[in-house]
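Each chain is listed here by its residues.
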Amino acid sequence: VAVDKTALTDAITAANTNKSTAVVSVDGTDVEPGNDWVTTEVMTAYTDAIAAAQTIADKADATQTEVDDAVTALGTATTTFNDAKKDGIQSPLES
């Protein structure tokens, strides 16, 4: 039985693109309004989730269940990442 990894590879591509939509900041005061930021912990967790999904995508003998579980896990990680995004609050005087 062929394992279909299309959904997983698409999710990884989308996650890598999404990851670049936010920068890392401690409190957002160094991020201009209109730009999203997350904490280091959030970015690290998302990066790790993407890497875990990539491991399954690269696994030659991955089962469809492993692939489906990886898609679900990455989807959850993406939701968590998106929910953690905050708008920058840098003062115009600090730019």
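Presented here is a report on the structure given in the accompanying data block.

Rules and cut-offs
Residues numbered from 1 in each chain as written. Predicted model: local features only at pLDDT ≥ 70, side-chain atom pairs only at ≥ 80, totals over all residues. Heavy atoms only, no water. Helix = DSSP H or I, 4+ residues; strand = E, 2+ residues; numbered from the N terminus. Rg over C-alpha atoms; globule rule 2.2 N^0.38 Å. Buried < 20%, exposed > 50% of the residue type's maximum accessible area, 1.4 Å probe, protein only. Areas by Shrake-Rupley, 256 points an atom, 1.4 Å probe, with all protein chains shown as cover. Lys, Arg positive; Asp, Glu negative; His and termini not counted. Charge placed at Lys NZ, Arg CZ, Asp CG, Glu CD. Phe/Tyr/Trp six-rings, centres within 6.5 Å; stacked < 30°, edge-to-face > 60°. Pairing = 2+ DSSP bridges. Salt bridge = Lys/Arg side-chain N within 4 Å of Asp/Glu carboxyl O.

With respect to the overall build of the chain
Counting its secondary structure elements, the chain contains 3 helices and 3 strands. Start at the N end of the chain and walk to the C end: the helices and strands fall as α-β-β-α-α-β. The C-alpha radius of gyration computed for the chain amounts to 16 Å, which surpasses the reference 12 Å derived for 95 residues by more than 25%, pointing to a less compact arrangement than a globule. Viewed in the frame of its principal axes, the chain has a C-alpha envelope of about 60 × 20 × 20 Å. Split into buried and exposed, the 95 residues of the chain put 29% on the buried side. Carbon and sulfur atoms provide 57% of the accessible area of the chain, an area that totals close to 5,700 Å². Across the chain, 5 positive and 16 negative side-chain charges occur, with their mean positions spaced 4 Å apart.

A look at the packing of aromatic side chains
Applying the stated criterion across every chain, the model contains 1 aromatic pair. Ring geometry for Tyr-46 versus Phe-81: centroids 4.2 Å apart, planes at 15°, classification stacked. Here Phe-81 lies in helix H3 (residues 64–84) and Tyr-46 lies in helix H2 (residues 40–58), a separation of 35 residues in the sequence. There is no split in this pair, since Tyr-46 and Phe-81 are both buried.

A closer look at the sheet that holds strand E1 (residues 22–24)
Judged by pairing direction, the sheet is mixed, and its 3 strands sit side by side in the order E1-E2-E3 without closing on themselves. Two strands in the sheet have a free side with no partner beyond their single neighbour: E1 and strand E3 (86–87). Bridge count for strand E2 (residues 36–38) against E3 is 2 bridges, and the pairing is antiparallel. Bridged to Trp-37 within E3 is Lys-86.

Concerning the pattern of salt bridges
Tallied over the full model, the rule gives 1 salt bridge. For the salt bridge of Glu-66 with Lys-59, the shortest nitrogen-to-oxygen distance reads 2.7 Å. Residue Glu-66 is classed as partly exposed on the basis of its relative accessible area of 26%. Classification of Lys-59 as partly exposed rests on a relative accessible area of 29%.

That is the geometry; function is a separate question.
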